[in-house]
Amino acid sequence: MCVERARMLQDQFNASMTHVQAISILISTFHHGKNPLAIDQRTFAKYTEKTAFERPLMSGVAYAIRVLHLEREKFERQQGWSIRRPEKFEPSPVQEEYAPVILAQDTVAHMVSLDLLSGKEDCDNAIRARESGKGVLTTPFRLLKTNRLGVILTFAVYKRDLPADATPKDRVEATDGYLEGIFDIESLAENLFQQFAGKKTILVNLYDTTNRSQPISMYGSEVYVDKLEHVIALNFGDPLRNHEMRCRFKHKAPLSWLAITTTGSTLVITLLLGYIVFATMNHMAKVQEEYNRMVELKKKAEAADVAKSQFLSTVSHEIRTPMHGVLGILDILLDTDLDVTQQDHVRTAQASGKTLVSLLNEVLDQAKIESGKLDLESVPFDLRAIMDDVLSLFSGKSQENGVELAVYISHRVPDMLIGDPGRFRQIITNLMGNSIKVSPKISHFILLYFVFTEKGHIFVTVHLVEEVMETTDIEREASSRNTLSGFPVPDKRRSWAGFKNIGQDGRNCSLSPDRISVIVSVEDTGEGIPQEAQPRIFTPFVQVGSSISRKQAGTGIGLSISKCLVTLMDGELGFVSIPKVGSTFTFTASFTIGCSKQSKIIYPEFQCMRALVVDSRQVRAIVSKYHVQRLGIQVEVVPSLDHALSTISIGNAIFSMVLVEQVVWDADSAVSSLFVNKLRKLDQQLSSKLFILANSVNHSKKRDMLELHGLSIIMKPLRSSMLAASLQRAIGVGNKGNLRKLSSLSLSGLLAGRKILVVDDNYVNLKVAAGALKRYGADVVLAESGEKAISFLEPPHTFDACFMDIQMPAIDGFEATRRIREMEDNINDRIQNGDASIEACRNISNWHVPILAMTADVIQATQDECIRCGMDGYISKPFEGEHLYRELSRFFTSSPLMKCIENF
């Protein structure tokens, strides 16, 4: 019985080994010996799957290519992924050479990008294989995916044929890569021995006996009833490794007198043979049944995946289409003559509409994360402007509920960064959504604000990572008594205590010199997170409270998506929360440093002005000082009204304005009135430039009192645009600003005089698109169907570009584009063959009008189909001016006059 098992195991192992060697020759011939390469990942996976029966004991095959360190950066750029270590799936450390897996059977697809030379077992195996030219085996170890015992067979793949007497040095120099076969010994041996009828009679153990004093158990139990043992040596082809099979009876050996009962033995043998036949047939039937069931499940899973993509595509289009109209009309409204307050209202409505679109994007993002298709942009952006936008989104409800909302960004953070501003804004919005949260008050799809934090504050800080190892201004002033609002908060340092990428000096050693890592903390004094809910806080679709009466509401995927986005930004996300005290979420993110050009808006009317900030709370005073200084105003801080009066009386500096924190002003009305009277005596003009920094003014009586004293109110949260507008109104230097007009010069240079065809079956979308393009000087022609688009764009025509909707009745955008390209190909062939004169075709020898897809569908498959049908680009509804410029600049160039204006 033992010999029979050993022989079958030996035969199947040798067969698997021979086939792996054959694959190595195949790769050497067709992967490295052909140009272009004849084998890619898809071909390799398909081939290894179909030939898996040739390797009965093998759970998977993978091929790793040899990459020198000098070639690493180019290789990673070509592959689109980084070389990683097998143990922790982190980037492989610097070494002379690497062996990343580039081809893998589907069963071991997780090995792609793993560096074999970073793992001890794989590294020793690869070195022995390339020096010997033979297949070598590793010591038994736990496999990555299954955590079961296994061994790896390695063959070296050479660039050329080597002579039989080649030296190890010659073999190393000729090495192109390594082919590995993975043997899951435990599961494969179990499946093999299950085929024997006597599997319940004896126990089989497999050992690696290379080290005779300490043999390694590869399969089987160490507990035996009987001491009788049969040992058989196994030869797996590696001369440096020894293996044995040891067999014992499962129960005590039969008594010797039973051996003479010939009749009984013959009966037993007959029954065993019958059992073997029955078990074999039964096993084959079960395997076939299981195979059929798995094929059916596979078909259902594929159909479900297709249905899911179609559903997401339809939902995306149906929601984005009306939102495109809303946001487009608001954008056109901004170009009308509005005062500063009206502009702010419209921008807030725009921001809220974009937030509604972002809710849809969260669901789409989760689908992209599950499929591994979520990518980040790399464009310049102003981090401070993004934080102002997020504050605008949450300012209304914080004012209504009297919750302090503030942002502080360290001066050491550069003005311009290069990264993905949309995803960064999404992370900040999600984290602030833990404090000021949306709650389903109307329906499942219409969301209103619901405040987690009902008292105290919500405070966002941004620093460089190395600053956390020092004492920042905010942290030096902050304590349990001196916080933004005076309410206690958890120690924020505990939220990043578990970060692995922050060294002792606060630097991320893996970053290049032109990149920085910022650390962002979102602190609130809300309800906090219960201890039992904290371990699952980042699990998708899991909310803090599961009952219907819970306070918190939302989709439950915001934090999960945020954690994934932070990881893509080479950062980490952590939190600390104390129930009934509050929570602090902290994350790091890496960005490239942008150009040194000043990106902040400079308000010339505020230059050379000085402001006096009166606030008894130091942290809050630092935040107020930060926002006022952003306008170019010099700031001095004092803790009380008496100190303010004393500072002004000394006369060492002339203050253009005094900003008093509402808490200080409301502390004593008599003192406040006395301060105003004394201030008027000192400087009659200055009293009209006295401002109250108020978080909320809910009582009309209080507001009347402030207006009685001639005071202006500046509502928090402070942000540069509204702070500047309030000061401009009070000082009398109103400035409505032409920033939008200036920023549109580039697009005007591209579109001025261009004839553009816009095709969409929705009237609102046509109106919005026409308004947006006419704003930049384009001559716009509208078409409400694919048929009219084909008619308009039949060569020769006078159109410079076409914006084509995708989902239209009758002829959709895809089909219309195909027909237009066919017409263009036809006339180009006629011109080339002389059947049509170039003069009759407006002196154009090669017709190809740029067609840009314009749709609300953002599924990746739709974008791919746009390219396949002949479209030149893709603009998602609602499209932004920056995206529009980026696409059109590939086809048009600015006029000389507009170039001069842009340069100026």
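Heads up: the structure comes first, above all this text.
Structural notes, computed from the coordinates. Predicted model only: the values in this text are computed from it and were never measured. (Residues numbered from 1 in each chain as written. Predicted model: local features only at pLDDT ≥ 70, side-chain atom pairs only at ≥ 80, totals over all residues. Heavy atoms only, no water.)

**A closer look at the packing of aromatic side chains**
Going through the model one piece at a time under the given rule, you end up with 11 aromatic pairs. Relative to phenylalanine 236, the ring of phenylalanine 13 lies with its centre 4.1 Å away and its plane at 20°, an arrangement referred to as stacked. With phenylalanine 13 in helix α1 (residues 2–30) and phenylalanine 236 in the loop between β11 (229–234) and β12 (243–249), the pair connects residues that are 223 residues apart, well separated along the chain. A relative accessible area of 2% means that phenylalanine 13 is categorised as buried. Residue phenylalanine 236 is classed as buried on the basis of its relative accessible area of 7%. Relative to phenylalanine 575, the ring of phenylalanine 538 has its centre 5.8 Å away and its plane inclined at 70°; by these criteria the two rings are edge-to-face. Remark: phenylalanine 575 occurs in strand β20 (residues 573–578) and phenylalanine 538 occurs in the loop between β19 (515–524) and α12 (558–568); sequence separation between them is 37 residues. Phenylalanine 575 shares its class with phenylalanine 538; the two are buried. Site record: aromatic cluster; members linked through ring pairs are Phe381, Phe424, Phe587 and Phe591. The ring of tyrosine 98 carries the charged tip of arginine 72 above its face, separated from the ring centre by 4.8 Å. Residue placement shows lysine 755 over the ring face of phenylalanine 799; its charged tip is 4.7 Å from the ring centre. (Phe/Tyr/Trp six-rings, centres within 6.5 Å; stacked < 30°, edge-to-face > 60°. Helix = DSSP H or I, 4+ residues; strand = E, 2+ residues; numbered from the N terminus. Buried < 20%, exposed > 50% of the residue type's maximum accessible area, 1.4 Å probe, protein only. Lys NZ or Arg CZ within 6 Å of the ring centre and 35° of its normal.)

**Notes on the pattern of salt bridges**
Enumeration according to the criterion identifies 31 salt bridges in this entry. Between arginine 128 and aspartate 238 there is a salt bridge, and its shortest N-O distance comes to 2.8 Å. On the criterion of sequence distance, the pair formed by arginine 128 in helix α4 (residues 120–132) and aspartate 238 in the loop between β11 and β12 is long-range, its members being 110 residues apart. Here lysine 788 ties to glutamate 784 by a salt bridge, and the two come within 2.4 Å at their closest N and O atoms. Its relative accessible area of 39% is what places lysine 788 among the partly exposed residues. You can call glutamate 784 partly exposed: its relative accessible area is 38%. (Salt bridge = Lys/Arg side-chain N within 4 Å of Asp/Glu carboxyl O.)

**Some details on helix α3 (residues 72–79)**
Of the residues making up α3, those classed as buried are Arg72, Phe75 and Glu76. The buried residues of α3 all sit within an arc of 95° when viewed along its axis, so they share a single face. Facing away from the buried surface of α3 by more than 90 degrees, the exposed residues are Glu73, Lys74, Arg77 and Gln78. At its buried positions, α3 is contacted by β1 (60–65), β2 (67–68), β3 (97–98) and β4 (101–104). Where α3 ends, the next residue or the one after it, glycine 80, has phi of about 85°, a positive value. (Arc of directions from axis to C-beta. Contact = heavy atoms within 4.5 Å.)

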